[in-house]
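Chain by chain, the residues:
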Amino acid sequence: MLEHNQEKNMSQKITLREVGLRDGLQIHPTFMPTADKLAWIAAEAAAGMSEIEVTSYVPPKLIPQFADAEQVTLGALKVPNLIVAALIPNMRGAQRGIELGVHKLNFVMSVSETHNMKNVRRPPEDSVTDFKAIVELVKSQPEGKRPIIVGGLSTALGCSYEGRVAVSQVVKYAKQLVEAGADELVVADTVGYADPNQVREVFKAVLSEVGPVIVGAHFHDTRGTGLANVSAALDCGVTHFDASLAGLGGCPFAPGASGNIVMEDLLFMLDSMGLETGVDIEKLIEVRKIISRSLPDIAMQGGLAKAGLPRNYVSVAQRLAAAA
Ligand code: ZN
């Protein structure tokens, strides 16, 4: 299966998924006005981003940043050619998403027991049971109204309470989520502990068990290993990557540390490697202005935005256009 995936990687497009509006904003204390969120979504979709996680269906009391989840979802659904995804912590979140007509539901559970207890107050086994019920609800929807259901495994490469997480645990829950009916999986280094060797070990193990199901990678650059981990995941045949514009989303336990891997830097690396993403680098860089205007107090990361494109840089899109 691994060889099969690697072969696919040579001809397959890489899919980038913007998670900044959810992962990037969730701990930011200032509310980003709904109109700015929608401008960000529209501008990034216009730059070629095919999928955006636009919000989270958690109770607004818990995270005020997502008090406008309904408006953001409905606004994003009007953007052409965009897969609109949202995070769901539980069944209530799934119901809200289905009512709104969101395209994709991202369910998350933590592989680490302590993290799952702190986050959703139940052991991971119970989260798998919750997921089964959610999948049943999703699959009972009429065709055309049935969202894609994604099983996300947080703290799969390390936990801020437990430290190292056993690969066998990641594989166990990956298999259980797929058996429960997940259309896709996302394996996440939630706290930015991973190194490339560990990434190879975990992703090879998961990919060999769950076969053709898409396994996306979600890395944080908290300790500077983010893009090295992407490279390691590419070697394993991973073709779907989460990132956030300007690397928004630091960790509350690591003040000043960067958050998700920086979307622009990830795109530059992939594009330089000749991998096709469908996203226009220069248009993507421009979208940063929407964030800096809307949230002047937010920390924005990114090497490419600071240094600019290399002299005489030719993007994959330009190469393809020249060859056509
Ligand atoms: Zn994350």
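See above for the structure.
Since the structure is predicted, the reported quantities are computational estimates derived from the model, not experimental observations.

1. Structural notes on the nonpolar core
Step number 1: Counting 87 residues, the largest nonpolar core has Leu16, Trp40, Phe203, Val206 and Phe241 as the members making the most contacts within it.
Step number 2: Leaving out residues up to four positions away in the same chain, Leu16 has contacts with Met49, Ser50, Glu51, Phe241, Met263, Leu266, Leu267, Leu270, Thr277 and Val279.

2. Let's talk about the pattern of salt bridges
Step number 1: Counted under the stated rule, the structure contains 17 salt bridges.
Step number 2: The partner of Glu51 in a salt bridge is Arg17, and the shortest N-O contact between them spans 3.9 Å. Highlighted residues: Glu51 in strand β2 (residues 51-56) and Arg17 in strand β1 (residues 15-18), separated in sequence by 34 residues.
Step number 3: The residue Lys175 makes a salt bridge to Glu209 at a minimum N-O spacing of 3.6 Å. One end of the pair, Lys175, is in helix α8 (residues 167-180); the other, Glu209, is in helix α9 (residues 196-210), and 34 residues separate them in sequence.
Step number 4: When salt bridges with common partners are traced through the structure, they connect Arg17, Glu51, Lys104, Glu184 and Asp242 into a single cluster.

3. Considering the sheet that holds strand β3 (residues 83-88)
Step number 1: Read around the closed barrel, the eight strands follow the order β1-β2-β3-β4-β5-β6-β7-β8; overall the barrel is parallel. Along the sheet, successive strands turn relative to each other by an average axial angle of 25 degrees, direction set aside.
Step number 2: The pairing of β2 with β3 spans five bridges and is classified as parallel. Looking at the pairing, Thr55 lines up with Ala86 of β3.
Step number 3: This element, helix α3 (residues 34-46), spans β1 and β2 of the sheet and lies at about 165 degrees to β2.
Step number 4: Packing against the sheet, helix α4 (residues 69-76) makes contact with β2 and β3, and its axis sits at approximately 160 degrees to β2.

4. Quick look at the coordination of the zinc ion
Step number 1: Protein coordination of the zinc ion is provided by Asp23 (OD), His218 (NE2) and His220 (NE2), with donor distances spanning 1.9 to 2.1 Å.
Step number 2: Owing to a relative accessible area of 8%, Asp23 belongs among the buried residues under this scheme.
Step number 3: The class for His218 is buried, based on a relative accessible area of 7%.

5. Side note on the layout of surface pockets
Step number 1: Empty space within the largest pocket amounts to approximately 1300 Å³.
Step number 2: Broken down by secondary-structure element, the contributors of at least two residues to the lining of the largest pocket are α2 (20-24), β2, β3, β4 (104-110), α6 (113-120), α7 (124-139), β5 (148-154) and β6 (184-189).
Step number 3: Along the lines of polarity and charge, the residues of the lining of the largest pocket split into 23 nonpolar, 17 polar and 10 charged.

So, how was this worked out
Residues numbered from 1 in each chain as written. Predicted model: local features only at pLDDT ≥ 70, side-chain atom pairs only at ≥ 80, totals over all residues. Heavy atoms only, no water. Core = buried A, V, L, I, M, F, W, Y, C linked by side-chain atoms within 4.5 Å. Buried < 20%, exposed > 50% of the residue type's maximum accessible area, 1.4 Å probe, protein only. Contact = heavy atoms within 4.5 Å. Salt bridge = Lys/Arg side-chain N within 4 Å of Asp/Glu carboxyl O. Helix = DSSP H or I, 4+ residues; strand = E, 2+ residues; numbered from the N terminus. Pairing = 2+ DSSP bridges. Axes fitted to C-alpha atoms, helices over the stretch in contact; angles between N-to-C directions. Donors = N, O, S within 2.8 Å, 3.2 Å for Na, K, Ca; no water. 1 Å grid on protein atoms, 1.4 Å probe; cavity = no way out; pocket = protein on both sides within 12 Å on 5 of 7 lines; lining within 4 Å. Points joined across faces, edges and corners; volume = space filled by probe spheres on them. Nonpolar A, V, L, I, M, F, W, Y, C, P; charged D, E, K, R; others polar.

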